[in-house]
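The chain contents come next:
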Amino acid sequence: MLKTLSFAIAALSPALASFNSFSNVHVSSDGEPAGFFKSVSGVNIYHSYHNGTPSEKAVLFVTDIYGVPLLENKLLADSIARADYTVIVPDLFAGDAVPSDNREGPALNLTEWRTRHPPAEIDRILSLTVDYIHKELNISRIGGVGYCFGGKYVPRFLAEGKGIDVGFIAHPSGLEETEIQGIDGPISIAAGELDNAFNVTGRYNAEAILTAKKATYQTNFYSGAPHGFAVRPNVTIARQVYAKDAAYLQAILWFAAWL
């Protein structure tokens, strides 16, 4: 069904109709990762290429708190790569990602963990990664996707001169109004009805700021979708599975139009 939907959407505009890799676009939720790791200036970075061949456009994938060890993050990176992007996923936490069996919720206390990974350090790693994409991979245009924790940092690097040209974020956490105000490129936002980290008020405030800025933006609101739905939905709940698939397609369509 997603393939049929994707072809229909591709016909809506010349920009999307020219996206000749659309037949390969689908999101994977199980299987083996297709990419590889490489150490860059001390940062372990996951690389994923479509058919093993680097693309002329890159997507910088800024993860949630579970980082590159989480299978779903690597598979999502591979899924984005199938749309003919070079996808780069840095280890933001130097091997100290939250264990995948320690799921977000009332029992998860992140206060001490966050002190080990402050914004200045995350910014440093992302700046290094942007430089690597530009200078070593020789790619000039960079899209950014950010999920949960990463949804704060894509807007920071979508500010003028920071390195990301087009952004997509899903269920961001810790996103501040000043970071939204600083956005200087097209931004697409996927929000969930059941997400307390980026609730209805947060979405409305973001839209108000972006509207006042006359930004190029899009927001999609998914019913029955909790925090984390775009990466790790409950696969037994149809609305969550749909929300993940649709948010993935939202990002791919956004990059096809603007990146």
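Every value quoted in this text rests on a predicted model; they were computed, and no experiment measured them.

Colleague: Mind showing me how you'd approach the pairing of strand E1 (residues 36-40) here?
Modeller: Regular strands place side chains that alternate from one sheet face to the opposite one. Of the strand pairs in this sheet, E1 and strand E2 (residues 43-48) are connected by five bridges, and their pairing is antiparallel. When the bridges of E2 are listed, Phe 37 appears paired with Tyr 46. Once E1 ends, the chain turns through two residues before running back antiparallel as E2, passing Ser 41 with a positive phi of about 50 degrees.

Colleague: When you look at the pairing of strand E5 (residues 141-147) in this model, what are you seeing that I'm missing?
Modeller: In terms of burial, E5 is a largely internal element, six of the seven residues being buried. For the crossover from E5 across helix H6 (residues 150-157) to strand E6 (residues 166-170), the handedness is right-handed.

Colleague: Would you explain the side chain of Gln 250 in this entry?
Modeller: The residue Gln 250 is located in helix H9 (residues 238-258) in this model. Residues in contact with Gln 250, not counting those within four places in the same chain, are Phe 168, Ser 188, Ile 189, Ala 190, Gln 218, Asn 220 and Tyr 222.

Colleague: It is not clear to me how the sheet that holds E6 should be interpreted in this structure. Could you clarify?
Modeller: Backbone hydrogen bonds hold the strands of a sheet together, and the pairing may be parallel or antiparallel. Pairing within the open sheet is mixed, and its eight strands lie in the order E1-E2-E4-E3-E5-E6-E7-E8. Pairing within the sheet leaves two strands with one partner each, and these edge strands are E1 and strand E8 (217-226). Taken over all neighbouring pairs, the strand axes of this sheet differ in orientation by 20 degrees on average, direction set aside. For E5 and E6, the ladder comprises five bridges, and the chain directions are parallel. Within E6, the position partnered with Gly 146 by the bridge is Ile 169. In the packing of helix H3 (residues 71-81) onto the sheet, contacts are made with E1, E2, strand E3 (57-62), strand E4 (86-90) and E5, and the angle to E2 comes to roughly 45 degrees. Of the strands in this sheet, E3, E5, E6, strand E7 (187-194) and E8 touch H9, which is tilted by about 170 degrees from E8.

Colleague: So what exactly am I meant to see when it comes to helix H8 (residues 200-213) here?
Modeller: An α-helix turns once every 3.6 residues. As a result, residues three or four positions apart point the same way. With 14 residues, H8 extends 20 Å between its outermost C-alpha atoms, agreeing within 8% with the 20 Å of an ideal straight helix rising 1.5 Å per residue. Considering only its buried residues, H8 is in contact with helix H7 (177-181), E7 and E8. The opening residue of H8, the one whose side-chain oxygen lies 3.2 Å from the backbone nitrogen of Thr 201, is Asn 199.

Colleague: Is there a simple way to explain the packing of aromatic side chains in this structure?
Modeller: Each pair of aromatic rings is reported with the distance of its centres and the angle of its planes. Inspection of the entire model under this criterion finds 11 aromatic pairs. Ring geometry for Phe 61 and Tyr 147: centres 5.2 Å apart, planes at 35 degrees, overall tilted. On the criterion of sequence distance, the pair formed by Phe 61 in strand E3 and Tyr 147 in strand E5 is long-range, its members being 86 residues apart. For the residue pair Phe 61 and Tyr 147, the accessibility class agrees, reading buried in each case. Through successive ring pairs, a cluster of aromatic residues spans Phe 93, Trp 113, Phe 149 and Tyr 153. One cation-aromatic arrangement involves Arg 203 over Phe 221; the distance from NZ or CZ to the ring centre is 4.1 Å.

Colleague: Is there a simple way to think about the confidence of the model for the protein in this case?
Modeller: Note that predicted coordinates carrying low pLDDT should not be read in detail. Mean pLDDT for the protein: 90, with 88% of residues reaching 70 or above. Segment residues 1-19 is flagged for pLDDT under 50; beyond a separation of four residues in sequence, or across chains, it makes 23 contacts in the model.

Colleague: Could you clarify how one ought to interpret the environment of Glu 177 in this entry?
Modeller: With respect to the secondary-structure elements, Glu 177 resides in helix H7. Using a relative accessible area of 49% as the deciding quantity, one classes Glu 177 as partly exposed. Sequence separation between Glu 177 and Ala 206 is 29 residues; the distance between their C-alpha atoms is 7.2 Å. Setting aside residues up to four positions removed in sequence, Glu 177 forms contacts with Asn 205 and Ile 209.

Colleague: Could you clarify how one ought to interpret a nonpolar patch on the surface in this entry?
Modeller: A contiguous nonpolar surface patch, about 270 Å² in accessible area, is contributed by Val 200, Tyr 204 and Phe 221. Relative to the helices and strands, Val 200 resides in helix H8.

Colleague: Would you mind showing me how to read unusual backbone geometry here?
Modeller: Generally, phi is negative for residues other than glycine and the peptide bonds are trans, each holding for most cases. Of note, the phi angle at Ser 41 is positive, near 50 degrees, even though the residue is not glycine. With respect to the secondary-structure elements, Ser 41 resides in the loop between E1 and E2. Backbone geometry places Asp 84, a non-glycine residue, at a positive phi of 75 degrees. Along the chain, the position of Asp 84 falls in the loop between H3 and E4. Residue classification places Asp 84 among the partly exposed positions, given a relative accessible area of 32%.

Conventions and cut-offs
- Here the residue numbering is sequential within each chain, running from 1 through the sequence in written order.
- Local features in a predicted model are, by the rule used here, given only for residues with pLDDT of at least 70; side-chain atom pairs are given and counted only at 80 or more, and totals for whole chains, interfaces and linings are based on all residues.
- Note that the side-chain values use all heavy atoms of the structure and ignore hydrogens as well as water.
- Only strands joined by at least two bridges in the DSSP assignment are considered to pair.
- Segments assigned H or I by DSSP are reported as helices when at least four residues long, segments assigned E as strands when at least two residues long, and all are numbered from the N terminus.
- Each residue is assigned to one of three classes by its accessible area relative to the maximum for its type, calculated with a 1.4 Å probe on protein chains only: buried under 20%, partly exposed between the two thresholds, exposed over 50%.
- For the handedness criterion, the strands are oriented away from the viewer, and a crossover whose path from the first strand over the helix to the second runs clockwise is classed as right-handed.
- Contacts are residue-level and defined by heavy atoms, with any inter-residue pair within 4.5 Å sufficient.
- Interaxial angles span 0 to 180 degrees and are taken between N-to-C directions of axes, which are lines fitted to C-alpha atoms, for helices over the stretch in contact.
- Here the expected span of a helix is defined as 1.5 Å times the quantity of residues minus one.
- Identification of polar contacts relies on pairs of N or O atoms within 3.5 Å, with a donor-acceptor requirement for protein atoms, meaning one able to donate a hydrogen and the other able to accept it, and with residues adjacent in sequence counted only if both atoms are side-chain atoms.
- A pair of Phe, Tyr and Trp rings is counted when the ring centres sit within 6.5 Å of each other, with Trp represented by its six-membered ring. The angle between the planes then sorts it: under 30 degrees is stacked, over 60 is edge-to-face, the rest tilted.
- Lysine and arginine charges are scored as sitting over a ring when NZ or CZ, respectively, is within 6 Å of the ring centre and within 35 degrees of the ring normal.
- How sure the predictor is of each residue is captured by pLDDT, a score from 0 to 100.
- What goes into a patch is any residue over 30% in relative accessible area without a salt bridge, connected to like charges within 9 Å or, for nonpolar side chains (Val, Leu, Ile, Met, Phe, Trp, Tyr), within 5 Å.
- The Shrake-Rupley method, run with a 1.4 Å probe sphere, supplies the accessible areas, and residue values consider only the shown protein chains as cover.
- Salt bridges are defined as contacts in which a side-chain nitrogen from Lys or Arg sits within 4 Å of a carboxyl oxygen from Asp or Glu.

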